[in-house]
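Residue-level listing of the chains:
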Amino acid sequence: MACNHHRLSLSRSFGSSIASLSSPLLPSRLSLCSRTLASTPIRLSSISVSAACFTWDDVVRISDSQHSSRLCDDLQGFFEKIRVCNRGLEKQSEFLPFVIEDQTVGCIHKGFFDDHLKRFSNVFIFTQDNSHIMLHPVLRTPNERTKAVGDVVKCLGEEVIPGIRKELYPVASSFGAPVFFSLERAAAPYFGIKAYGVHMNGYTERNRQKYLWIGKRSQVKPTYPGMLDHLVAGGLPHGIACKENLMKECEEEAGIPRSISERAISVGAVAYGDIDGYRYKRDVLFCYDLKLPEDFIPENQDGEVESFRCIPVTHVADVIRRTHFFKSNCSLVIIDFLFRHGYIGPDSLGYLELLKSLRSGDCS
């Protein structure tokens, strides 16, 4: 479309366990070079690995027996992961409320408005006292707002809003509230809207020990390429229920048939808020547990996962505490799993504080 910059037309023992659980289709070594992490080596006890390039063998070495235990008593590494997801909150004053029909639906950085949105004066306006940002009153229906804001996002393009994927998120004041319009997923942090997702802990039991299936993201993913991830996770687009979305993601990401995924249990939610420049992520993740058959082996269907491994839960906990191999928000959901399954107990120093911090964001 022609873009007028001033007006816009409204128109998956550890080493042996992995060997015994891996399928021939799952290579024992896979190089992962995440472009999103710093390339300087990080030292974890006697282990030195590069945060920018690691393999499944590195994951195994992190969890050697001298550091693993049934209970996760040292919580400091977990607190660090909480902080990673809740950065920059002292800068909230730099954002203005984004209000529609007297309901606050987001937060927009003053600089982002001045640099990129102000020129679209027939879409975004200040209130008379400059206390918050609104949509132009001529945009009265959800469809009109979706189109107008969508056109702005298209005009700003990848240079301003990278990772545009043509997936719409609902814009509302809280979960289940009326939807005022729908917004491109990649743009959600720039408008500070609440975004919701579903994350599933897929686990199994062998010889009275619990294992979590862990995935490694594809190197061609636009975000967090090559990092460790849940067996199944995904954002919650507009117009689909949480459980239905989870079952859809189960099929696409891990080849889990609905006859199994329908047994997934909703176990709560975690929330965080992260400010990075003009971006304010206000995310709520709905958490699910699914106990899988011992002989189940996931198979990715959509090209977004390179491989899976089935790893003892205590070893997963060590990887989270001692590395930055996991996509950051996955750590929160797994820490929640550790609480609920008794791996973190109340005698651990900081128990209640850590539990509370899993919902540091606006869980509404």
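As the structure is a computational prediction, the values presented were derived from the model and not from experiment.

### Quick look at the overall build of the protein
1) Next: Scanning the protein from terminus to terminus reveals 10 helices and 17 strands.
2) Next: Taking all 364 residues of the protein together, 54% fall into the buried category.
3) Next: Per element, the accessible surface of the protein, about 16300 Å² overall, is 51% carbon and sulfur.

### A closer look at the environment of His-109
1) Next: Along the chain, His-109 turns up in strand E6 (residues 103–109).
2) Next: Expressed as a C-alpha distance, the spacing of His-109 and Glu-94, which sit 15 residues apart in the sequence, is 5.8 Å.
3) Next: There is a polar contact of 2.8 Å between the side chain of His-109 and the backbone nitrogen of Gly-111.

### What to know about the confidence of the model for the protein
1) Next: Summary statistics for the protein give a mean pLDDT of 86 and a share of 83% for residues scoring 70 or more.
2) Next: The low-confidence segment residues 5–52, where pLDDT is below 50, has 131 contacts with residues more than four positions distant or belonging to other chains.

### Observations regarding the packing of aromatic side chains
1) Next: Enumeration according to the criterion identifies 15 aromatic pairs in this entry.
2) Next: Here Phe-175 and Phe-286 contribute two aromatic rings whose centre-to-centre distance is 4.8 Å and whose plane-to-plane angle is 55 degrees, an arrangement assigned as tilted. Placement of the pair is Phe-175 in the loop between strand E9 (168–171) and strand E10 (181–184) and Phe-286 in strand E16 (residues 279–291), with a sequence separation of 111 residues.
3) Next: For Phe-175, a relative accessible area of 42% puts it in the partly exposed group.
4) Next: Of the residues examined, Phe-286 reaches a relative accessible area of 17% and is grouped as buried.
5) Next: By the ring-pair criterion, three or more aromatic residues cluster together here, those being Phe-98, Phe-112, Phe-124, Phe-181, Tyr-190, Phe-191 and Tyr-278.

### A short note on the nonpolar core
1) Next: Ranked by internal contacts, the top residues of the largest apolar core, which has 38 residues, are Phe-78, Leu-228, Phe-326, Ile-344 and Leu-354.
2) Next: Ignoring any residue separated from it by four or fewer positions in sequence, one finds Leu-354 in contact with Leu-75, Phe-78, Phe-79, Ile-82, Ile-335, Phe-339 and Ile-344.
3) Next: Formed by 34 residues, the second largest nonpolar core is a distinct cluster that contains Ile-133, Leu-139, Val-171 and Ala-186.

### With respect to the packing of helix H8 (residues 313–322) against helix H9 (residues 328–340)
1) Next: Viewed as axis vectors pointing N to C, H8 and H9 meet at an angle of 135 degrees, and their least axial separation amounts to 11 Å. As judged from the angle between their axes, H8 and H9 are oblique. Relative to H9, the crossing made by H8 is left-handed. Contact with H8, carried on its side by Val-313, Val-316, Ala-317 and Ile-320, involves Ser-331, Ile-334, Phe-337 and Leu-338 of H9 and no other residues of that element.
2) Next: When the residues that make up the contact of H8 with H9 are grouped by side-chain class, the tally is 7 nonpolar, 1 polar and no charged.

### Considering the sheet that holds E6
The strands making up a sheet associate through hydrogen bonds between their backbones, and the pairing can be parallel or antiparallel.
1) Next: Spatially, the 4 strands line up as an open sheet ordered E6-E5-E8-E7, and their pairing is mixed. Since the sheet does not close on itself, it has two edges, and those belong to E6 and strand E7 (124–126), each with one partner. In this sheet, adjacent strand axes meet at a mean angle of 35 degrees when their direction is disregarded.
2) Next: Of the strands in this sheet, strand E5 (95–100), E6, E7 and strand E8 (133–135) are in contact with helix H4 (residues 110–117), which crosses E6 at around 75 degrees.

### Quick notes on the side chain of Glu-184
1) Next: Tracing the backbone shows Glu-184 in strand E10.
2) Next: Here Arg-165 takes part through its backbone nitrogen, which lies 2.9 Å from a polar atom of the side chain of Glu-184.
3) Next: Within the local environment of Glu-184, its side chain forms a polar contact with the backbone nitrogen of Ala-186, the two atoms lying 3.0 Å apart.
4) Next: Every residue in contact with Glu-184, bar those within four places of it in the chain, is listed here: Val-153, Gly-163, Ile-164, Arg-165, Lys-166, Glu-167 and Leu-168.

### Describing helix H5 (residues 142–160)
1) Next: Its maximal kink placed at Lys-154, H5 deviates by approximately 40 degrees.
2) Next: When we look at burial in H5, the residues that qualify are Arg-145, Ala-148, Val-149, Asp-151, Val-152, Val-153, Cys-155, Leu-156, Gly-157 and Val-160.

### Remarks on the pairing of strand E14 (residues 232–235)
Regular strands place their side chains on alternate faces of the sheet.
1) Next: With burial as the criterion, each face of E14 is covered, one bearing Val-232 and Gly-234 and the other bearing Ala-233 and Gly-235.
2) Next: The pairing of strand E11 (residues 194–206) with E14 spans 4 bridges and is classified as antiparallel. Residue Gly-197 lies in a different strand from E14, and its bridge partner there is Gly-235.

### Points about H8
1) Next: Among the 10 residues of H8, 10 are classified as buried, and the element is accordingly described as predominantly covered.
2) Next: Within the sequence span of H8, burial applies to Val-313, Thr-314, His-315, Val-316, Ala-317, Asp-318, Val-319, Ile-320, Arg-321 and Arg-322.

Conventions used here
Residues numbered from 1 in each chain as written. Predicted model: local features only at pLDDT ≥ 70, side-chain atom pairs only at ≥ 80, totals over all residues. Heavy atoms only, no water. Helix = DSSP H or I, 4+ residues; strand = E, 2+ residues; numbered from the N terminus. Buried < 20%, exposed > 50% of the residue type's maximum accessible area, 1.4 Å probe, protein only. Areas by Shrake-Rupley, 256 points an atom, 1.4 Å probe, with all protein chains shown as cover. Polar contact = N/O pair within 3.5 Å; in protein donor to acceptor, adjacent residues only side chain to side chain. pLDDT = per-residue confidence, 0-100. Contact = heavy atoms within 4.5 Å. Phe/Tyr/Trp six-rings, centres within 6.5 Å; stacked < 30°, edge-to-face > 60°. Core = buried A, V, L, I, M, F, W, Y, C linked by side-chain atoms within 4.5 Å. Axes fitted to C-alpha atoms, helices over the stretch in contact; angles between N-to-C directions. Parallel < 35°, antiparallel > 145°, perpendicular 65-115°, else oblique. Left-handed = near helix turned anticlockwise from the far one by under 90°. Nonpolar A, V, L, I, M, F, W, Y, C, P; charged D, E, K, R; others polar. Pairing = 2+ DSSP bridges. Bend = angle between axes of the 7 residues up to and from the residue.

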